[in-house]
Amino acid sequence: MIEQRGLSAEIEVDSAGTYGGHRGDLPDPRMRSAASRRGYSLTHRARQIREEDFERFDRIIVMDDMNYETLHRLAPSRAAAQRIYRMTDFCRHHPDWSYVPDPYYEGHEGFELVLNLLEDACEGLLADLQAEKGI
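Bear in mind that the values here come from a model prediction, so they are computed numbers and not experimental data.

What counts, and at which threshold
Residues numbered from 1 in each chain as written. Predicted model: local features only at pLDDT ≥ 70, side-chain atom pairs only at ≥ 80, totals over all residues. Heavy atoms only, no water. Salt bridge = Lys/Arg side-chain N within 4 Å of Asp/Glu carboxyl O. Helix = DSSP H or I, 4+ residues; strand = E, 2+ residues; numbered from the N terminus. Buried < 20%, exposed > 50% of the residue type's maximum accessible area, 1.4 Å probe, protein only. Arc of directions from axis to C-beta. Contact = heavy atoms within 4.5 Å. Polar contact = N/O pair within 3.5 Å; in protein donor to acceptor, adjacent residues only side chain to side chain. Axes fitted to C-alpha atoms, helices over the stretch in contact; angles between N-to-C directions. Parallel < 35°, antiparallel > 145°, perpendicular 65-115°, else oblique. Left-handed = near helix turned anticlockwise from the far one by under 90°. Nonpolar A, V, L, I, M, F, W, Y, C, P; charged D, E, K, R; others polar.

Engineer: How would you explain the pattern of salt bridges if you had to name every residue and give the values?
Structural biologist: Two side chains bearing opposite charge may form a pair once their charged atoms approach each other closely. Under the counting rule described, the total for this entry stands at 15 salt bridges. For the salt bridge of D58 with K133, the shortest nitrogen-to-oxygen distance reads 3.0 Å. A residue pair is termed long-range when its members are at least 10 positions apart, and D58 in the loop between α2 (53–56) and β1 (60–62) and K133 in helix α5 (residues 107–133) qualify at 75 residues. Relative accessible area serves as the criterion here: at 36%, K133 is assigned to the partly exposed category. The partner of D65 in a salt bridge is R86, with the nearest N and O atoms 2.7 Å apart. Residue D65 is found in helix α3 (residues 65–74), and its partner R86 is found in strand β2 (residues 84–86); the two are separated by 21 residues along the sequence. The partly exposed category is assigned to D65, whose relative accessible area is 39%. A single network of salt bridges, built from pairs that share partners, joins E12, D14, R47, D53 and R56.

Here is the structure:
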């Protein structure tokens, strides 16, 4: 979405998790397959969030309450903790969802649901960033 709108120079996106056990791994093959059907190529490798991420990024976005709480405990300051948001805070078309579920045990439909939620939330987040930054 950022690339399609020509905003790559203004907005940087990265991905990290709270769990380090998958460090260096590609995303789940089922998610890569579901994403590919929608035109996304998921080639990034997993990494664990680092303390410097709180200073490097304007926002830290989490998928669920467990990660929200974990990152609040990891935040180096109150100011850093105020930059933590839930992904579903930005959903416009899925107001009943307060978290992005883990699709691991849900089969094909679970991965499609997660992509639906993420596309919705990313649209809302991008609109929010554009308004905030005036771009």
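Structure shown, so let's carry the discussion forward.
Engineer: If you had to explain α3 to someone new, which residues and values would you point to?
Structural biologist: Within α3, the full set of buried residues consists of N67, Y68, T70 and L71. Along α3, the residues classed as buried sweep out an arc of 165° about the axis, all on the same side. In α3, the exposed residues that point more than 90 degrees away from the buried face are M66 and R73. Considering only its buried residues, α3 is in contact with α2, β1 and β2. The backbone nitrogen of M66 has a side-chain oxygen 3.3 Å away, supplied by the residue at the start of α3, namely D64.

Engineer: Describe the environment of D25, with residues and values.
Structural biologist: Mapping D25 onto the fold places it in the segment before α1 (29–37). Of the residues examined, D25 reaches a relative accessible area of 36% and is grouped as partly exposed. Here the alpha-carbon distance between D25 and H44, two residues 19 residues apart in the chain, equals 8.3 Å. Apart from residues lying up to four places away in sequence, D25 is in contact with H44, R45 and A46.

Engineer: Can you lay out the packing of α1 against α5 for me, pointing to particular residues and giving the numbers?
Structural biologist: The contact between α1 and α5 brings their axes to 10 Å, and the two run at 55°. In terms of orientation, α1 lies oblique with respect to α5. In this structure, α1 crosses over α5, and the sense of that crossing is right-handed. Here α1 contributes R30, M31, A34, A35 and R37 to the contact with α5, which in turn contributes H108, F111, E112, V114 and L115. Of the residues that constitute the contact of α1 with α5, the class distribution is 6 nonpolar, 1 polar and 3 charged.

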